[in-house]
Amino acid sequence: RVINLTMSPGGQITGTVTLGSAGGAPVSGLCVQANSYDGLEFGEVPTAADGGYRLNGLGTGTYQIVVTSGCGNSGDYTAATLKVKVTAGKVTSGQDAVVQPGAEISGVVTDGHGAPVYGLCIYLESNQQSASAEWANIPESTDTDGSYAITGLPAGSYDLGFASGCGDDGNY
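Remember, predicted model here, so these are calculated numbers, not experimental data.

Trainee: Help me understand the state of the cysteines in this model?
Mentor: Every disulfide links exactly two cysteines, by a covalent bond between their sulfur atoms. Applying the stated criterion across every chain yields a total of 2 disulfides. Between the sulfur of Cys-31 and that of Cys-71 lies a disulfide, 2.0 Å long from S to S. Between Cys-31 and Cys-71 the sulfur-sulfur dihedral comes to about 110°; the bridge is accordingly right-handed. Within this pair, whereas Cys-31 is found in strand β2 (residues 31-35), its partner Cys-71 is found in the loop between β5 (61-68) and β6 (80-86), the two being separated by 40 residues in sequence. Between the sulfur atoms of Cys-121 and its disulfide partner Cys-166 the distance amounts to 1.9 Å. In this structure, the disulfide formed by Cys-121 and Cys-166 twists by about 100° around the S-S bond and is classed as right-handed. Within this pair, whereas Cys-121 is found in strand β10 (residues 121-126), its partner Cys-166 is found in the segment after β12 (158-163), the two being separated by 45 residues in sequence.

Trainee: Please explain the sheet that holds β2 as it appears in this structure.
Mentor: The strands that make up a sheet pair up through hydrogen bonds in the backbone, lying either parallel or antiparallel. Read across the open sheet, the 4 strands follow the order β3-β2-β5-β6; overall the sheet is antiparallel. Bordering the open sheet on either side are β3 (41-46) and β6, each of which pairs with just one other strand. Neighbouring strand axes in the sheet, compared pairwise and without regard to direction, differ in orientation by 20° on average. Where β2 and β5 come together, 5 bridges link them in antiparallel fashion. Across the sheet, residue Ala-34 finds its bridge partner in β5, namely Ile-65.

Trainee: Even after reading the chapter, I still don't get the nonpolar core, so can you show me in this structure?
Mentor: Where a protein is soluble and globular, its nonpolar side chains tend to be buried together. Counting 20 residues, the largest nonpolar core has Tyr-53, Leu-55 and Ile-65 as the members making the most contacts within it. Elements represented by at least two residues in this core include exactly β1 (11-19), β2, β4 (52-58), β5, β6 and β8 (97-99). Beyond its immediate chain neighbours, meaning those up to four positions away, Leu-55 contacts Gly-11, Gln-12, Ile-13, Val-32, Gln-33, Ala-34, Gly-43, Glu-44, Val-45 and Ile-65. In this structure, Val-109, Ala-133, Ile-150 and Tyr-158 belong to the second largest nonpolar core, which totals 11 residues.

Trainee: I'm lost on the side chain of Gln-64 in this one. Help?
Mentor: Note that Gln-64 resides in strand β5. You can call Gln-64 buried: its relative accessible area is 19%. If we skip the residues at most four places from it in the chain, Gln-64 touches Gln-33, Ala-34, Asn-35, Tyr-37, Thr-81, Leu-82 and Trp-135.

Trainee: Is there a simple way to think about the pairing of strand β11 (residues 147-153) in this case?
Mentor: Put simply, side chains in a regular strand alternate between the two faces of the sheet. With 5 of its 7 residues buried, β11 lies for the most part within the structure. Bridging between strand β9 (residues 103-108) and β11 involves 5 bridges; their strand directions are antiparallel. Residue pairing for β11: Ser-106 is matched across the bridge by Ala-149.

Trainee: What's the story with a nonpolar patch on the surface in this structure? I'm lost.
Mentor: Together, Ile-3, Leu-5 and Met-7 make up an exposed nonpolar region whose accessible area comes to about 430 Å². Assignment of secondary structure puts Met-7 in the segment before β1.

Trainee: Hey, could you run me through the side chain of Thr-151 in this one?
Mentor: Tracing the backbone shows Thr-151 in strand β11. Of the residues examined, Thr-151 reaches a relative accessible area of 18% and is grouped as buried. When residues no more than four places from it in sequence are discounted, the contact partners of Thr-151 are Asp-76, Ala-103, Glu-104, Ala-136 and Asn-137.

Trainee: Looking at this structure, how should I read the packing of aromatic side chains?
Mentor: For any pair of aromatic rings, geometry is given as the distance between the ring centres together with the angle between the planes. The tally for this structure, following the rule as stated, stands at 2 aromatic pairs. Consider the rings of Phe-42 and Tyr-63, whose centres lie 5.5 Å apart with planes at 85°: the pair is edge-to-face. On the criterion of sequence distance, the pair formed by Phe-42 in strand β3 and Tyr-63 in strand β5 is long-range, its members being 21 residues apart. Between Tyr-148 and Phe-162, the ring centres sit 5.1 Å apart and the planes meet at 65°, which makes this aromatic pair edge-to-face. Residue Tyr-148 is found in strand β11, and its partner Phe-162 is found in strand β12; the two are separated by 14 residues along the sequence.

Analysis parameters
- Residues numbered from 1 in each chain as written.
- Predicted model: local features only at pLDDT ≥ 70, side-chain atom pairs only at ≥ 80, totals over all residues.
- Heavy atoms only, no water.
- Disulfide = S-S within 2.5 Å.
- Helix = DSSP H or I, 4+ residues; strand = E, 2+ residues; numbered from the N terminus.
- Pairing = 2+ DSSP bridges.
- Axes fitted to C-alpha atoms, helices over the stretch in contact; angles between N-to-C directions.
- Core = buried A, V, L, I, M, F, W, Y, C linked by side-chain atoms within 4.5 Å.
- Buried < 20%, exposed > 50% of the residue type's maximum accessible area, 1.4 Å probe, protein only.
- Contact = heavy atoms within 4.5 Å.
- Patch = residues over 30% accessible without salt bridge, like charges linked within 9 Å, V, L, I, M, F, W, Y side chains within 5 Å.
- Areas by Shrake-Rupley, 256 points an atom, 1.4 Å probe, with all protein chains shown as cover.
- Salt bridge = Lys/Arg side-chain N within 4 Å of Asp/Glu carboxyl O.
- Phe/Tyr/Trp six-rings, centres within 6.5 Å; stacked < 30°, edge-to-face > 60°.

Take it as geometry only, folks, not as evidence of what the structure does.
This is the structure in structure tokens:
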């Protein structure tokens, strides 16, 4: 059986990611994702040395663009999000994003005898609407030495919790 297809050119989103302000220094090596609003990822690219990015092959629709650390840059930055309407076959340019230096919460979890507790699940929730931890870098569990580090947080207040179930062998 032969199945023939005709492919149409996809839409593109282009922009630049800078630090601190629209006129700030470009940031290379950040991940730029195009996501649908029902959670599907349609592509991810790293920012170039000049902070530029280009997402290709997108269908007509509205996408959430998310800029996060990773993709070669391990710096501590807050995530940036954009809502972008795309038309297949067209370039949607000037979709610039600004990231800020991120805050960090870190520490070591120990038991009542001072021994490190590894494998505890880590939970973090924002106490205010203006500070979201949705795109922060939150490890699944404490490390073998009981340590943890949550990075990429916007300024704000958070509730931090730990629970058994992510590899620990204790009853906490």
